[in-house]
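This is what each chain is made of:
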Amino acid sequence: VQLQASGGGLVQAGGSLRLSCAASGRTFSSYAMGWFRQAPGKEREFVAAISWSGGSTYYQDSVKGRFTISRDNAKNTVYLQMNSLKPEDTAVYYCAARNDGWYSTSQYEYAYWGQGTQVTVSS
């Protein structure tokens, strides 16, 4: 499967962005999907994930209550709605697909990755 992330940009603290990740292929609905991010000089970290049906989601503690992951299997797309953004959310955001219907928080469990989209939050 090929993934194409979009929707990043520059936003002031407190603002919102919605990231999208469009997937190719007919089996998108069988994959769990995740969002990860990598800030300069830091390791890539888990942000959020969603099961194949969208019925189960999981978030990193620092984004709970501010970010929402969702998916539209008819459109082969997963979203990350980011509200109340903070400067520490600044990073390149990556979407990823796992060859399993259930998500994982480990980046090593995801076989397919998008190219990343830059999110910059100014203070």
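Attention in this report is confined to the structure presented alongside it. (Residues numbered from 1 in each chain as written. Predicted model: local features only at pLDDT ≥ 70, side-chain atom pairs only at ≥ 80, totals over all residues. Heavy atoms only, no water.)

### Details of the sheet that holds strand E8 (residues 77-82)
- Read from one edge to the other, the open sheet built from four strands follows the order E1-E3-E8-E7, with strand pairing classed as antiparallel. The open sheet terminates on both sides in strands that have one partner only, identified here as strand E1 (3-6) and strand E7 (67-72). Taken over all neighbouring pairs, the strand axes of this sheet differ in orientation by 15° on average, direction set aside.
- One ladder, built from six bridges, connects E7 with E8; its direction is antiparallel. What sits directly across from Thr-68, in E8, is Gln-81. (Pairing = 2+ DSSP bridges. Helix = DSSP H or I, 4+ residues; strand = E, 2+ residues; numbered from the N terminus. Axes fitted to C-alpha atoms, helices over the stretch in contact; angles between N-to-C directions.)

### Let's talk about the pattern of salt bridges
- What the rule picks out here adds up to six salt bridges.
- For Glu-45, the salt bridge goes to Arg-37, with nearest N and O atoms at 2.6 Å.
- What makes Arg-37 buried here is its relative accessible area of 5%.
- Here Arg-98 ties to Glu-109 by a salt bridge, and the two come within 3.0 Å at their closest N and O atoms. Separated by 11 residues along the polypeptide, Arg-98 in strand E9 (residues 91-98) and Glu-109 in the loop between E9 and strand E10 (112-113) bring together distant segments of the chain.
- Taking the relative accessible area as the measure of exposure, Glu-109 reaches 40% and is therefore partly exposed.
- Here the salt bridges share partners, and the residues they tie into one network are Arg-37, Glu-45, Arg-66 and Asp-89. (Salt bridge = Lys/Arg side-chain N within 4 Å of Asp/Glu carboxyl O. Buried < 20%, exposed > 50% of the residue type's maximum accessible area, 1.4 Å probe, protein only.)

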